Amino acid sequence: MAFIKVISLHYIQLPQLYALEASSDEKDISRIKMAFTSKSKEYGVINYDNAVWDDTYHFINNQNTEFTDSNFVTDTYKSLGINGINIYDKQAKTVWRQAWDLDNFSPLTFPPFDSPSAFVTKHILVSEEQISTNNNKPVSRVGFTFLNDKIILFAATSIFQANLTGSTNGTMLFWRFFDEEVLTNLQQRAGIDFTIELVQPSLKNTVKLTSKNVFINKSYRTKKGEIYDVIPLVTGNGGIKFTYKAPIRQFSTSWLNQSTITSSMLFLLTLFMLFIFFHYFIIRPILRADKMVTAIVKHNDHSIRFSSKRKDELGTLFNLIDRLLDGVESKEQQLISHNIRLQHISQTDSLTKIPNRRAFDTHMKKILNTSSLGLNVSMMICDVDYFKKYNDSYGHAKGDEALYLIAQALRKNLHEETDFVARYGGEEFVVVLKNTNEDNAIAVANNLINIIADLKIPHIKSDIHDSVTISIGIHTFVLAGQQQYMPFFERADEALYQAKEQGRNRAIAKD
C-alpha cells in the first residue's frame, strides 16, 4: 500500500501539481512583462498623438515658440507623467527640449538626449531608413534603456503631418526616469510586489531554471522560493531583472506520513479488502484526476473543477487543485479586464472624455468596410472660433474647461446609435452622421452651433460674439466601396475654411 501510494505521489500527483504550479508562475511572469509592455505602449500612444500633428510638423521649420509655450506647459508634464520632451530634426539635431524634476518641479538637463549620442541616435530616435521600410508611414520606438546610470522609459515617434502625407520632419521624444512612482505603477498593473535591478548586457540572456528537485525540473522557482526574469533594454544596453517571492505552495510534497504507515500495516492483514477498496476508491479517482489534470494542461481550460466531497488525502488534493485553478482563472480575468481598460484609454481623449483621433480613424475604417453600399454619410469638422485668443485671455485651464463643455454638449446632442463625435486635435472636433443626407446634416450642424452658443461661455476677445461659438464644415458622401476617408475629411475641411472666410459661427456644406 505504501509502495503504491509513493508511486502514485511520485509519478502522477506531484508532477501534475508542479505542472499547474509552473503554469501559474508563468502567467505571473507574463503579467509583470505585460505591465512593462502596457506602460511603454501607453507612452507610445500619447507620443504618437503629439508627433503626428500638423503643428508639430511645422514647428520644425518655423520654430515658433508660441507652439511650445501653449502646448507644453508645466501641467502637461504633470498630467502625462514625463520628465522631458525633446524635438529633433531629420539630422537628429535638437530643435527644442525641456525637462523637469517631477519631485520639486525644477528644470533639469539630460545630456544623452539634449545632444543625442550615437547610441541614442541609432537605438532610440527614428531614422529615415526605418520610415522608408514602413512604407513612408510614422514609426514609433518605445521601451526602456539605461543612460547616465539611470533607467529611462521612453517613446519616440517620427514627426508627420496629421494626414500622413509627405515625408517625416524629425523625431519627437517623451521620456521618464524609472523611479519609485513608475515601479509602484508597474506593481499595481501586474498585481505583484516585485523588485528590480539592472543586469549588464553580458548577463541579459543567462536567466535559467535553477531548481534541482527531480519533481520540478521545469519550475521557475529558485531554492530560496523566488521567481525572476529579465525585461530586455534597448539592444546591447542590458536588461531589468525583476524578482518576487513565489506564492506559498498549496500542497505537501512529503510522502512519509501516518496514513501511509498505517495503511502499510493494515495491508498485510486485509489484503483482499484493501484490493477492493484500492481499486474502487483510489485507482479510479486517481486515473480520473490524471485525465482531468491532463485535459487542463493540454487544452489550457481552467474552468474544469473536481468539486470533490471526499475527506481523505485525495479530497484534499482535489480541493487544492480547485483552489489553484480558481486563482489561475481569476488572474486570467484580471488580464482580460486590464487589456479592455487599456484599449479604452488608448481611444479616449483624456481632456474631453470623448473618443480621440485614433478612435475616429477606427470608426471610419469600420464604416467603409462594413456599412451597406449606397448609405449617405455626412462628415462635419467643428472648430472653436478664435480659441487662441480665448486661451490668451482666460488661460489654458479655462481653455481646457471650455473644450470639455463643448465636447460634452456635442456628445449629448447627437444620437449615440448612429452618430459619432471625437476630438481631432486642439480645438477641432469631428462628427460623423450615418444615414444622413446633406440637408439633414446642415440642420444638425446649425442645431449644434446654437447649442454651443447657448452654453454662453464668455469670450470677450471674440471678433464676432461675446461668448464662445463654433464654425462647421460639412461634406456628405455616398458609400460606394471607398477604401480611404481622408478625401472626404479634406472636403469637409475646405468647407470649414469657407465658413471661417464668411464670418464664422456658421455651417457651410461642400459637395
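The structure presented is a predicted model; accordingly, all values stated were derived computationally and were not measured. (Residues numbered from 1 in each chain as written. Predicted model: local features only at pLDDT ≥ 70, side-chain atom pairs only at ≥ 80, totals over all residues. Heavy atoms only, no water.)

Engineer: Provide a residue-level description of the overall build of the protein chain, including the pertinent values.
Structural biologist: Scanning the protein chain from terminus to terminus reveals 16 helices and 13 strands. In the protein chain, which comprises 511 residues, the proportion classed as buried is 45%. (Helix = DSSP H or I, 4+ residues; strand = E, 2+ residues; numbered from the N terminus. Buried < 20%, exposed > 50% of the residue type's maximum accessible area, 1.4 Å probe, protein only.)

Engineer: I'd like a rundown of the sheet that holds strand β6 (residues 195-199), residues and numbers included.
Structural biologist: The antiparallel open sheet is built from 3 strands, whose spatial order is β6-β8-β7. Looking at the sheet topology across the chains shown, the edges are occupied by β6 and β7 (226-232). Pairwise comparison of adjacent strand axes, ignoring direction, gives a mean angle of 25 degrees for this sheet. Pairing analysis gives 7 bridges linking β7 to strand β8 (residues 239-245), with the strands arranged antiparallel. Note that in β8 the partner of glutamate 226 across the bridge is lysine 245. (Pairing = 2+ DSSP bridges. Axes fitted to C-alpha atoms, helices over the stretch in contact; angles between N-to-C directions.)

Engineer: I'd like to hear about the nonpolar core, residue by residue, with values.
Structural biologist: Soluble, globular proteins show a tendency: their nonpolar side chains are buried together. Formed by 41 residues in total, the largest nonpolar core has its most connected members in Phe36, Ile87, Phe178 and Phe194. Per element, the largest residue contribution to this core is 6 residues, and it comes from helix α1 (residues 2-51). With 29 residues, the next largest nonpolar core counts Ile354, Tyr390, Leu433 and Ile474 among its residues. (Core = buried A, V, L, I, M, F, W, Y, C linked by side-chain atoms within 4.5 Å.)

Engineer: How would you sum up the pattern of salt bridges? Please name residues and give values.
Structural biologist: Inspection of the entire model under this criterion finds 17 salt bridges. With a closest N to O distance of 3.6 Å, glutamate 21 and arginine 221 form a salt bridge. Linking glutamate 21 in helix α1 with arginine 221 in the loop between β6 and β7, this pair joins segments that are 200 residues apart in sequence. Here glutamate 21 and arginine 221 have matching classes, each one buried. When the shortest N-O distance is used, the salt bridge between arginine 189 and glutamate 42 registers 2.7 Å. Of this pair, arginine 189 sits in helix α8 (residues 180-190) while glutamate 42 sits in helix α1; the two residues are 147 residues apart in sequence, bridging distant segments of the chain. A relative accessible area of 21% places glutamate 42 in the partly exposed class. Each of Glu21, Asp25 and Arg221 takes part in salt bridges that share partners, so that together they form one network. (Salt bridge = Lys/Arg side-chain N within 4 Å of Asp/Glu carboxyl O.)

Engineer: Outline helix α13 (residues 387-394), supporting the account with residue identities and numerical values.
Structural biologist: Among the residues making up α13, those that are buried are Phe387, Tyr390 and Asn391. End-on view of α13: buried residues confined to an arc of 95 degrees, all on one side of the axis. Turning to α13, the residues buried within the fold contact β9 (376-384) and α14 (396-412). Once α13 ends, the next one or two residues include glycine 395, with phi positive near 95 degrees. (Arc of directions from axis to C-beta. Contact = heavy atoms within 4.5 Å.)

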